[in-house]
Every structure is written in C-alpha cells, then in structure tokens.
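Chains, contacts and geometry: an overview
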Amino acid sequence: MPHRKHARRLLLAVMTAAINWAQGRPENVLVVINDQSAFSKSIGDYYVTKRGIPANNVCRIRVTENEEIDRTTFDRQIAEPVGLCLRQRRLTETVLYIATTAGVPLRVAGAGGQDGDVAAVDSELALLYFDLKTGKPHQTKGALPNPLFAKRNVAFGHPQFPIYLVARLAAYDLAGARALVDRSLAARNTGKFVVDMADESDSEGNDWLRNAAIRLPADRVIFDTAPKVLYKQTNVIGYASWGSNDKNRRERHVDFRWLPGTIATEYGSTNARTFTRPPKTWSISDWSVTSRMKWFAGSPQTLTADYLDEGASAATGHVAEPYLAFTPRPDLLLPAYYSGRNLAESFYLSIPALSWQNVVIGDPLMSLGPPGK
C-alpha cells in the first residue's frame, strides 16, 4: 500500500527533525597535532585558525609518522600525553570531541579476529575519558560497547556518556585536507542522500540501508535496490552502500558531484587501511590469489580517502576487518545527520563498538543545520 509507506516516511522524517541539536563549540574540541609531522602541524594549524579553536585546546605530541604503531607506543606517546593535556588544562569535562590530524598514527598493531586487539588509534582515544575517570586503562581485546550507539534522541555530553568523539582531519595530501575543512564550513542542509543496495535481498546490511531510506524524506533520497551500482550522481549530500563488497562494483570511483557537507559510509572491511595515495592506474579487484598483484596496501578494496578526494567532506572507514555487525549503521547515521546533529555525534551514534577498527574522517563540528534552514 504505497500511501502508507509514504506516510511512514513523512512521520519518521518529522520525528527525526523534531530536536534542534546543539552543535558543539570550538572550546569543546581538542586538536591533537604531531610535532614530528609537517602534515599534522600544517592541517592542525589550519583547522585551529578556521574554526577558532582556543590555543589551550591544542595538544602537541611527538610520535612517529608511521601509520601503524605498537600498543606501547600508543600508550606512552599518544594516550598519555593527550590525557595530560586534558587533565593539566582542566579540559576533561568541557572537551567533547577530539580532532586528530593526518600524521598522527592511524592503527595500533595487534591480532585480528573478534577477540583481537588491533584497533584504530582514534577508536582507542575515544575511551580516554573512561580511562581518566576510572584511573585504569580499558580492556583492549575485542570490541567494547559504545554507550552512545543508537541514542538517537539523547543529547551527547559528560558524564552521561564517558567517551570522547574522535574524528580525523586527513586526506591524501595537505590540499585535500584543507579542502575538507573548507567544505565543512560551507555545509548546508540541501541535496540528495544516495542509498545503494547491492540487491533486493533481506540481508542485515540491506535492511539497514533500506531503513535509512525510509527514515529520510522521500524527496531527499535516491534509493536503489537493483544489482547495478549507482555512478555519476549529482547534488549528493550523503552516501551509503556496500562499497567494493558489492560484487557488481567494478570502478574505484563512483564519480559523484558532492555538495559541501557530504558524508559517505560503506560496509568496507579495510577501506581506511592507509591514506597513502595509490597510483592513478590502481583499481579495486577481489580477494582471489590471481588478483593479489593488483592489491594496494594489502587489500583489493575501496579506499575511504578516494571519497574525500572526489569531494566528499567526511567519510568513515576501517583500519582492519571490523565484521559487518560493527560497521556504522546507515539507518542511524543518515537520519541523525539530516536532522542537524553534527558529524561526530551522527557517526558515533551509528557505530556499535569502540576500541575497534572504525575511524571517522572529517571536522567533528561539521553540521548541515536543521532541515529547512
């Protein structure tokens, strides 16, 4: 009965947009800059100036630029000095968001698997508030529940939610990272959310994509259930798909025209494995042994940074295999962002677990503002 489906869309859209969310202020952001990295210093300083971040909220650390570090290096050269910045400057409570920068290590090395301890640096930093308040480090084996997950109608703050929301200012190069910041400041609540299912099956991932489309206004969604992959869409403000896990995806780039403020998410297993730019001739392939020579940075899958390079303003990815259950939920992410919640809150309420593989790329304060504004 089409009229009932349409009514449900409208009702859910109204419910989603009913709360006028606080967007966070510059004094709520701690910017982490690695003084060992020229990239980190340049993009960190650029963001601080553009967003008006107080000087007291800039935390400078000294650590290798390598994308992967061991657990001891993370503890001693990242978590410890960042925690010191927060405590000594009396920012533990007022800081809600942490903006890491390109040049800060990306991944903590460790064992894979559901009980493993490999993790994104940013996902570990998200639990720093908990560590500071309890006086002991969190468990590092396996995924830990995210207390903000699925809290769609609750304002984020301390101490109710004992975490920091960590987003990274990164791209393939400094020009790309600066463009990401500039686009975040120009974000407006306009354009289309593109939701691309791999097929019409009732798989769990497809259900989340389907529900994402239902929870958005019908006139703001391009929803595709056919096996074909959507390419060359225009006027895009949000995107969710299976990425290269869609067996019909053959192209590295979707070639969209992205609006300032666009966010992108996909069920990619290793899409944030690196922020090193691949050769122009590189493209996605598959996991077969015969395709191994075509892989880049150990994987045939799509890269989060490619969406940013095309013009998206934010995206999420994974530094190692997250398993589908721990990928961002588009049915939570897209409606939250449409409703006016900022980037950090929209992504983190859609991510089920912390101390895990997830990394969010973008300005944590970026927001479209309420619908119709």
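Definitions and limits used
Residues numbered from 1 in each chain as written. Predicted model: local features only at pLDDT ≥ 70, side-chain atom pairs only at ≥ 80, totals over all residues. Heavy atoms only, no water. Helix = DSSP H or I, 4+ residues; strand = E, 2+ residues; numbered from the N terminus. Rg over C-alpha atoms; globule rule 2.2 N^0.38 Å. Buried < 20%, exposed > 50% of the residue type's maximum accessible area, 1.4 Å probe, protein only. Contact = heavy atoms within 4.5 Å. Areas by Shrake-Rupley, 256 points an atom, 1.4 Å probe, with all protein chains shown as cover. Lys, Arg positive; Asp, Glu negative; His and termini not counted. Charge placed at Lys NZ, Arg CZ, Asp CG, Glu CD. Core = buried A, V, L, I, M, F, W, Y, C linked by side-chain atoms within 4.5 Å. Pairing = 2+ DSSP bridges. Disulfide = S-S within 2.5 Å. Phe/Tyr/Trp six-rings, centres within 6.5 Å; stacked < 30°, edge-to-face > 60°. Salt bridge = Lys/Arg side-chain N within 4 Å of Asp/Glu carboxyl O. pLDDT = per-residue confidence, 0-100.

Our focus in this paragraph is the overall build of the protein chain. Counting its regular elements, the protein chain contains 10 helices and 15 strands. For 373 residues, the compact-globule estimate of 2.2 N^0.38 gives 21 Å, and the protein chain sits close to it at 19 Å. Here the C-alpha coordinates of the protein chain stretch approximately 60 × 50 × 40 Å along the principal axes. In the protein chain, which comprises 373 residues, the share counted as buried stands at 58%. Within the protein chain, counting contacts between residues at least 6 apart in sequence, those at least 24 apart form 77% of the total. Accessible area of the protein chain: about 15,000 Å², with a carbon and sulfur share of 53%. Across the protein chain, the centroid of the 44 positively charged side chains sits 5 Å from that of the 37 negatively charged ones.

Moving on, we come to the nonpolar core. Leu-30, Tyr-47, Ile-78, Trp-258, Ile-263 and Leu-334 are the most contacted members of the largest nonpolar core, which totals 111 residues. In this structure Leu-30 touches Asn-57, Cys-59, Val-82, Leu-86, Leu-91, Val-95, Tyr-97, Ile-98 and Ala-99, once residues within four positions along its chain are discounted.

On to the sheet that holds strand β5 (residues 107-108). Spatial strand order, β3-β5-β6: three strands in an open sheet with mixed pairing. Of all the strands in the sheet, the pair left with one neighbour each is β3 (68-69) and β6 (119-120). Summarising the sheet, β3 and β5 pair through two bridges and their orientation is parallel. For Ile-69, the partnering residue across the bridge sits in β5 and is Val-108.

What follows is about the side chain of Ser-40. Relative to the helices and strands, Ser-40 is located in helix α2 (residues 38-51). Its relative accessible area of 0% is what places Ser-40 among the buried residues. What Ser-40 contacts, discounting residues up to four positions off in sequence, is Val-32, Ile-33, Asn-34, Thr-101, Ala-102, Gly-103 and Val-104.

With that out of the way, let us pick up the pairing of strand β11 (residues 236-241). For β11, a buried count of six out of six residues is recorded, marking the element as mostly surrounded by other parts of the structure. By the bridge criterion, five bridges tie strand β9 (residues 192-196) to β11 in an arrangement that is parallel. Bridge pairing in β11 links Asp-196 to Ser-241. With five bridges joining them, β11 and strand β12 (residues 258-266) adopt parallel strand pairing. Residue pairing in the sheet places Ala-240 in a bridge with Thr-265 of β12.

What follows covers the pairing of β9. By the criterion of burial, β9 is predominantly enclosed, with four of the five residues buried. Taken together, the four bridges between β9 and strand β10 (residues 221-224) define a ladder with parallel strand orientation. Paired with Val-195 across the two strands is Phe-223, which belongs to β10.

The next thing to look at is the state of the cysteines. With the rule as written, the count across this model stands at one disulfide. Paired by a disulfide, Cys-59 and Cys-85 hold their sulfur atoms 2.3 Å apart. For the disulfide bridge between Cys-59 and Cys-85, the dihedral angle about the S-S bond is near 80°, and by the sign convention the bridge is right-handed. Taken together, the residues Cys-59 in strand β2 (residues 58-61) and Cys-85 in helix α3 (residues 71-88) connect sequence positions 26 residues apart. The burial state of Cys-59 is the same as that of Cys-85; both residues are buried.

So, on to the packing of aromatic side chains. Taken as a whole, this structure holds 14 aromatic pairs when the rule is applied. Look at Tyr-239 and Phe-256: their rings are 5.0 Å apart centre to centre, the planes differ by 85°, and that puts the pair in the edge-to-face class. Placement of Tyr-239 in strand β11 and of Phe-256 in the loop between β11 and β12 is noted, with a sequence separation of 17 residues between them. Through a chain of ring-to-ring contacts, three or more aromatic side chains come together here, namely Tyr-239, Phe-256, Trp-258 and Tyr-307.

Okay, the pattern of salt bridges next. Per the stated rule, a full pass over the model turns up 19 salt bridges. Here Arg-71 and Glu-124 are joined by a salt bridge, their closest N and O atoms 2.8 Å apart. Here the residue Arg-71 occupies a position in helix α3, and Glu-124 occupies one in helix α4 (residues 121-125), the gap between them amounting to 53 residues. Salt bridges sharing common partners tie together Asp-35, Asp-45 and Arg-60.

On to the environment of Ala-150. As for its position among the elements, Ala-150 is in the loop between β7 (144-145) and β8 (165-169). Setting aside anything within four residues of it in sequence, one finds Ala-150 in contact with Leu-332 and Leu-349.

Looking now at the confidence of the model for the protein chain. Per-residue confidence for the protein chain gives a mean pLDDT of 94; residues scoring 70 or more make up 94%. Predicted confidence for residues 1-18 stays below pLDDT 50, and this span has 18 contacts to residues more than four positions away or in other chains.

All right, on to the environment of Ile-33 then. Summarising the element assignment, Ile-33 is placed in strand β1 (residues 29-34). In this structure, the C-alpha to C-alpha distance between Ile-33 and Thr-100, residues 67 residues apart in sequence, is 6.8 Å.

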